[in-house]
Amino acid sequence: MIDITVKIGGEAGFGIMTTGLLLGKIATRSGYHAFEYSEYPSLIRGGHNVIEVRISDEKVYSQQKQVDILLCLNLETFNKHASEVKEGGIIVYDTEKIPESKLNKPDVNLTYVHVPFVSILQEHKLSTVMLNNIALGALMHLLGADLNILNAAIVENFARKNQEIIDKNILAAKLGYEKTQKEMPQGYKLKLPKLKNIIPRLYISGNEMIGLASIAAGCRFYAAYPMTPTSALLHYLASQAQNCGMVVKHAEDEISVINMALGASFAGVRSMIGTSGGGFALMVESVSLAGITETPIVIVMGQRPGPATGMPTWTEQGDLLFVLHAGHGEFPKILLAPGDVEEAYKLTITAFNLAEIYQTPVFIIGDKYLQESHQSVEKSIIEGYKFKIDRGKLLSQEELSKLTEYKRYLITKDGISPRAIPGMKGSLHQANSYAHGEDGHTSEEADVRIKQVEKRNKKAQTFLMNDFQMPVLYGNRQTPLTLISWGSVKAPILQAMSKFKDKFNYLHFSYLWPLDKIKIKSLLSTFKKTLLVENNSGAQLGQLLTMVTGLEFEKKLLKYSGRPIYPEEILDKISFST
Amino acid sequence: MISDLITMNNNNSIPPTPASPKPVAPVSEHTAGFSGYFPTWCPGCGNFGIWQALKMTFNKMKFDPDRLSIVFGIGCSGNMNDFLWANSFHALHGRAIPNAIGIKIANHDLPVVVIVGDGDCYGEGGNHFLHAARGNHDITVIVHDNRVYGLTTGQVAPTASQGFKSKSTPQGIIEVPVNPIALAVSQGATFVAQGFSGDMNQLVELIEKGVAHKGFSLVNIFQPCVTFNQINSYNWYRDRIYKLTSENHNPRDLNSAWQKSQEVTEKIPLGVVYDVDRPTYTDSLPQLSGKPLLDSALNIDLAQFINDFV
């Protein structure tokens, strides 16, 4: 089995992220599986950026601790990360820029490769921004990959630039490749042999996948205010807006974001918004507005470590209970949390249907780890996913014309009222933020109030009957230990499981609210031993499950350093606790 | 009719009493089609004049209530949601403008009118107001400017005169008032008008021009609060207002508009202060050049989007 991690580090502003992205893309195109994880501070220039790409001929789910090839574009990368490189690994650095005297070389057998990035740039009059292509060229040689695939990626990446820029970047890659070839010791075994059967895969981030799914689902309005880790969703959709006929609005603040989307949705357009915890806090009053006006909306809530500004470019699952309780008053809302890009695609499409079927807010809860990490996924899974756009009880003009009287908040058995949109003949109604009767008029009468509260609550019951999905159990049902988690923690857990298949199984929650209390309780009661794994300090899924079932979770693995959980940490915890 | 209502005296110790709303027959052929329940406003409230003027304007413009979208804010003015019947969205306090922008983007064939108060629009929603003006979103914002908060029983509004004493400012308000006309003109609004609820004929004319205008339009309407503002009464305004005419003002001239916007104390202009052309937000989106967003097909060939990631 081939399983290689390449880590690239340097100052922000030198195209390190692009280097990692292209490397993952090239590996994917060559038939390998890839997973990317990056760490960077909330800065534009300076600071320390690292990106790592894990490449394997088997499915990879997450990053790992040990590094095979470390490419240092500055001294800090060397001294911070050299100890992560495993025995027999390679460190590439610029001897002319990084003085030997300052290096902290680890006590293991490593191969050091000297590539003079800076003098190559100077010698060939290349600009500093091309440094990353020298690095990529070097990596192409170390991995044994085909330089032509890199050249094709460079041509694509610079499609809008002139030929001279493309040529110079291709030259930079070639120079990096050749220099590394010369530097490598005799008998060096290339890391990535050519694969015979290349399965077409996408190399895509969570943000891009949610965007792609929203296009597929017929979303025609997306509004956002930039905020990590969801900004890239705004960027992706803004870049595709004209191609797919979507209007993408960068509004003046998050309050405007959600209210524009509610206006567009009220007027009949499938609408989505994206933000992170702080921005979502500003939207909360309007989540409640969506609840009482029964306006569909899909909300992408990308978590990052808080409170307040917190650690903007890092990851955490600290907002589950915040989202669950967001919005004053009582109304149903639906919470979904994808665990990987495949789930992000399917759940986003589902979210649009659920929002219109139940006429209430639907959340896609992500985090920096899922949304900003690229990973490979079979193209056929995405292309082959069959779905129907279900607009629920949205009336057509024909259906509306047949009604003798139209009542927007009609009391129905399932709690869902027929929905007309402004402009239709006979659609006259108001969507009212005040308590209201069936016709939408404000009413403070007790009996009217009770009926409308019960009508809205009923939607949650209908959801549990028709659309709720139980958590999925991964692995062997007979193992003595069950790990329980949600969202992106799926990645390191499945990675850990791929090595130790019989040690534990994993119960993955992606439908987080409303929960079927009886079914969940009886399922949880069948497990002999459980370990709750979450990327937060409060065991928020645990609290939620305790609230719903009364069951307590004794053993926990909680991480709240702003970093994702590593598969190694899970295995350590398991061997300690068994 | 309005003058009759005005002469009904008011006692400042009585807060507005919410009466049980009852549906009423259309008042006259001028207001047919848009009538909802009879208002719960205080007798003599300036809102009555705006309410009548809106219904008259919509009938004059031959709007169909099914094909007119109104977004109401929260406040005494927003309570018009039950008295003026059209396809409407009753928003949160301060947030009516973004809702209206969303409706317009979704269906730019629909006329979209926003009915809000001064606290709602210039206080809680001030940020939205100036950005809507910048974007030249094709919506008409009708602001009820009475310099107080009525529904919360008489605190100062952002438009209150400096020194105005209220429940929340017993020593008098320290801040100078917001200048809605100057704010709108300076932030890119393409139609800015000022009216008075005591002059319904002019109001109808201003609202009609505002709604017909392609782009962001503001109609700021002085609307005396007979219960909580004893200073800025009908007579206070009548002593100060004058009409803008082609002789005394050119609404296409920014300098002249700016000058008129500064007349806020001794002489107060009524009429169209500013009226220029600039492409609207929706007209600037190639995606919307064919048909409204609402009518675009939902199914799309994903192949081109998927292939970007291969």
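Reading the values: the criteria
- Residues numbered from 1 in each chain as written.
- Chains lettered and ligands numbered in written order.
- Predicted model: local features only at pLDDT ≥ 70, side-chain atom pairs only at ≥ 80, totals over all residues.
- Helix = DSSP H or I, 4+ residues; strand = E, 2+ residues; numbered from the N terminus.
- Rg over C-alpha atoms; globule rule 2.2 N^0.38 Å.
- Buried ≥ 20, exposed ≤ 12 C-beta atoms within 10 Å, placed from the backbone.
- Contact = placed C-beta atoms within 7 Å.
- Axes fitted to C-alpha atoms, helices over the stretch in contact; angles between N-to-C directions.
- Left-handed = near helix turned anticlockwise from the far one by under 90°.
- Nonpolar A, V, L, I, M, F, W, Y, C, P; charged D, E, K, R; others polar.
- Pairing = 2+ DSSP bridges.
- UniProt positions renumbered as here; feature names shortened; annotations may be inferred.
- Core = buried A, V, L, I, M, F, W, Y, C linked by C-beta atoms within 7 Å.
- pLDDT = per-residue confidence, 0-100.
- Domains from an automatic or database assignment.

- In the annotation of an unreviewed UniProt entry, chain A is listed under the name 2-oxoacid:ferredoxin oxidoreductase subunit alpha.

1. Brief notes about the overall build of chain A
- A count of helical and extended segments in chain A gives 20 helices and 21 strands.
- Taken against the 2.2 N^0.38 rule, which gives 25 Å for 578 residues, the C-alpha radius of gyration of chain A at 26 Å falls within 12% of a compact globule.
- On the principal axes, the C-alpha backbone points of chain A span a range of 85 × 60 × 45 Å.
- Counting the 578 residues in chain A, one finds 53% classified as buried.
- Within chain A, counting contacts between residues at least 6 apart in sequence, those at least 24 apart form 74% of the total.

2. Quick notes on the packing of helix α7 (residues 206-216) of chain A against helix α8 (residues 231-244) of chain A
Residues and elements named next belong to chain A.
- At a minimum axis distance of 9 Å, the contact between α7 and α8 shows a crossing angle of 30°. Crossing geometry of α7 relative to α8 is assigned as right-handed. In this structure, α7 contributes N207, E208, I210, G211 and I215 to the contact, and α8 contributes A232, L233, Y236, L237, Q240 and C244.
- Classifying every residue of the contact of α7 with α8 by side-chain character gives 7 nonpolar, 3 polar and 1 charged.

3. A few points about helix α19 (residues 540-549) of chain A
- What α19 of chain A keeps buried is the set Q540, L541, G542 and L545 of chain A.
- Directly beyond the C-terminal end of α19 of chain A, a positive phi value near 80° is found at G550 of chain A.

4. Quick word on the sheet that holds strand β13 (residues 361-367) of chain A
All names here are of chain A.
- One open sheet holds the 7 strands; their spatial order is β9-β8-β10-β11-β13-β12-β19, and the pairing between them is mixed. Two strands close off the open sheet at either side, each with one partner strand: β9 (247-250) and β19 (511-513). The mean inter-strand angle of the sheet, taken between neighbouring strand axes irrespective of direction, is 20°.
- Here strand β12 (residues 334-336) runs beside β19; their pairing, made up of 2 bridges, is antiparallel. Counted as the bridge partner of L335 is W513 from β19.
- Taken strand by strand, α8 contacts β8 (221-224), β9, β10 (271-276) and β11 (297-303), and its axis lies near 135° from that of β9.

5. Thoughts on the UniProt feature "domain: Pyruvate/ketoisovalerate oxidoreductase catalytic" (unreviewed entry) in chain A
- The feature "domain: Pyruvate/ketoisovalerate oxidoreductase catalytic" (unreviewed entry), as annotated in UniProt, sits at residues 13-178 of chain A in this numbering.
- Strand forms 22% of residues 13-178 of chain A and helix 41%; the C-alpha atoms that close the span are 25 Å apart.

6. Here we look at the nonpolar core
- Core analysis: the biggest nonpolar cluster contains 248 residues, and L139, F221 and L336 of chain A together with V114 of chain B have the highest contact counts within it.
- Per-element tally for this core: the top contributor is helix α12 (residues 341-358) of chain A, with 11 residues.
- Those residues within four positions of V114 of chain B in sequence are excluded, and the remaining contacts are V71, A96, I97, A100, I139, T140, V141 and I142 of chain B.

7. Let's talk about the confidence of the model for chain B
Residues and elements named next belong to chain B.
- Looking at chain B as a whole, its pLDDT mean stands at 91, while 90% of the residues score no less than 70.
- Confidence drops under pLDDT 50 across residues 1-28; counting only partners more than four residues distant or on other chains, this segment forms 44 contacts.
- Among the prediction metrics, the complex's ipTM stands at 0.95, with pTM recorded as 0.95.

8. Structural notes on unusual backbone geometry
- Of note, the amide linkage connecting T228 of chain A to P229 of chain A takes the cis form, showing an omega dihedral of 10°.
- Within the secondary structure, P229 of chain A sits in the loop between β8 and α8.
- Along the chain, W513 of chain A connects to P514 of chain A via a cis peptide bond; the corresponding omega equals -10°.
- Looking at the element boundaries, P514 of chain A is found in the loop between β19 and α18 (517-524).
- Of note, N136 of chain B is a non-glycine position whose phi angle comes to about 50°, a positive value.

9. Some details on the domain arrangement of chain A
All names here are of chain A.
- If you check the domain split of chain A, you get domain 1 (3-199), domain 2 (203-383), domain 3 (397-466) and domain 4 (472-577).
- Once you take the C-alpha centre of each, domain 2 and domain 3 turn out to be 25 Å apart.
- The interface of domain 2 with domain 3 comprises 14 residues on the first partner and 13 residues on the second.
- Considering each element in turn, the side of domain 2 that touches domain 3 owes the most residues, 3 residues, to helix α10 (residues 277-293).
- Across the side of domain 2 that touches domain 3, the residue classes tally to 8 nonpolar, 5 polar and 1 charged.

10. Examining the environment of A193 of chain B
Residues and elements named next belong to chain B.
- Mapping A193 onto the fold places it in strand β7 (residues 191-196).
- Along the sequence, A193 and I105 sit 88 residues apart, while their C-alpha atoms lie 24 Å from each other.
- The residues contacting A193, other than those within four sequence positions of it, are L206, K209, G210, L218, V219, G271, V272 and V273.

11. Focus: the interface of chain B and chain A
- The partner chain A presents 55 residues to the 41 residues of chain B that form the contact.
- Of all the secondary structure elements, the ones that give two or more residues to the side of chain B that touches chain A are β2 (87-90), α3 (96-106), α5 (126-135) and α10 (303-307) of chain B.
- For the side of chain B that touches chain A, the element with the highest residue contribution is α3 of chain B, accounting for 8 residues.
- The pairing of strand β15 (residues 430-432) of chain A with β2 of chain B spans 3 bridges and is classified as parallel. Bridge pairing in β2 of chain B links N432 of chain A to H90 of chain B.

12. Here's the deal with the pairing of strand β4 (residues 140-145) of chain B
All names here are of chain B.
- When you tally the buried positions in β4, you get 6 out of 6 residues, the bulk of the element.
- Taking every second residue as pointing to the same face, both faces of β4 are buried, with T140, I142 and H144 on one and V141, V143 and D145 on the other.
- Here strand β3 (residues 112-117) runs beside β4; their pairing, made up of 5 bridges, is parallel. Note on β4: the bridge partner recorded for I115 is I142.
- Alignment of β4 against strand β8 (residues 217-222), held across 6 bridges, turns out to be parallel. Bridge pairing links V143 to N220 in β8.

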